[in-house]
Structures are given as structure tokens and as C-alpha cells.
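Now for the letters of each chain:
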Amino acid sequence: MHEVGIARELVKLALGAAGKADLGRLSRIEAKGHGLLPEEVESVRLHWEVETKGTLAEGSDLELEALPARGQCVDCGWQGVWEGVWEGGACPGCGGEDVLEEPAPVLELVAVSGE
Ligand SMILES: [Zn+2]
């Protein structure tokens, strides 16, 4: 299951942010997952509990928002939500068909808080 990998990646991002912010303990982590399915979020949260054990983030809340995958056009460089493009079959920028889906999921740390 790739949710374990997602949880581990998030732990790594969160601990990195905690180090930069000089926090001794994390209480809340906000993140976004582009290309993550809403039904995967719950599973990631379960793994989060396991993966944060013994770290600064143990017992913290994970707020993870599932967002649509993004894509990029090879021809004109257009970037945006991939899903609609895929349905239409062409790039909204140039009408081309070489739109690639960004390798999903792309995780983005929004904020961490703690003390
Ligand atoms: Zn294009």
C-alpha cells in the first residue's frame, strides 16, 4: 500500500520543518496531497499514528487535504488540474495532446505547529 510511503514522506517533511522552526514537539501538521484520493487520506492518517511513534510528531494531528492531480503540457508549458484535461483530451493552453500527469501524489506541507 502506498499510503505507508505517503505517511513516511509526510513525517520526514514535518520533522524537517520542526527542525527549522526549532520546535521540540509537534502538535499539528497541515498538508496537501495533489493526486491523493479522498479515501486514501484516512489510511494515511492511520499510518501517521504508527510512523510518528517515538518522534517529535508523536500524538500530533494530521490535517491532510486531498486535491486533484496536476498536469503539465509538453508543448506550451501549461500547468493545472490534470483531471479536466484528461476528460477533454487536449491542453487548455494550446489544444495539444501532450499533457503529462504529474507523478502522483505530490505532497506539500502547509504548516506545522508545536512548541
Ligand atoms: Zn499546451
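Residues numbered from 1 in each chain as written. Predicted model: local features only at pLDDT ≥ 70, side-chain atom pairs only at ≥ 80, totals over all residues.

Topic: the overall build of the protein
Assigned secondary structure in the protein consists of 3 helices and 6 strands. From first element to last, N terminus to C terminus, the protein shows the α and β order α-β-α-β-β-β-α-β-β. Expected size for 115 residues packed as a compact globule is a radius of gyration near 13 Å; at 17 Å, the protein overshoots this value by more than 25%. Here the C-alpha coordinates of the protein stretch approximately 50 × 30 × 15 Å along the principal axes. For the protein, with 115 residues in total, the buried portion stands at 24%. By sequence separation, contacts in the protein at least 24 residues apart represent 69% of the contacts at least 6 residues apart. (Helix = DSSP H or I, 4+ residues; strand = E, 2+ residues; numbered from the N terminus. Rg over C-alpha atoms; globule rule 2.2 N^0.38 Å. Buried ≥ 20, exposed ≤ 12 C-beta atoms within 10 Å, placed from the backbone. Contact = placed C-beta atoms within 7 Å.)

Some details on the sheet that holds strand β6 (residues 106-114)
The 3 strands are arranged β2-β1-β6 in an open sheet whose pairing can be described as mixed. The two strands at the open ends of the sheet, each matched to only one other strand, are β2 (61-67) and β6. Across the sheet, the mean angle separating the axes of adjacent strands is 15 degrees when strand polarity is ignored. The pairing of strand β1 (residues 26-34) with β2 spans 7 bridges and is parallel. Bridge pairing in β2 places alanine 31 opposite leucine 64. The strands touched by helix α1 (residues 2-20) within the sheet are β1 and β6, with β6 carrying the most contacts at an inclination of about 45 degrees. (Pairing = 2+ DSSP bridges. Axes fitted to C-alpha atoms, helices over the stretch in contact; angles between N-to-C directions.)

Topic: the pairing of β1
With 8 bridges connecting them, β1 and β6 associate as antiparallel partners. Looking at β6, one finds that glycine 33 is bridged to leucine 107. For the segment spanning β1, helix α2 (residues 38-51) and β2, crossover handedness is right-handed. (Right-handed = clockwise from strand over helix to strand, strands pointing away.)

What about α2?
Between its first and last C-alpha, α2 extends 20 Å over 14 residues, near the 20 Å set by a 1.5 Å rise per residue. Within α2, the full set of buried residues consists of Val44, Trp48 and Glu51. All buried residues of α2 fall inside an arc of 70 degrees around its axis, so they share one side. Facing away from the buried side of α2, by more than 90 degrees, are the exposed residues Glu39, Glu42, Leu46 and Val50. As for α2, its buried residues are in contact with α1 and β2. (Expected span 1.5 Å × (residues − 1). Arc of directions from axis to C-beta.)

The analysis is restricted to geometry; functional conclusions fall outside its scope.
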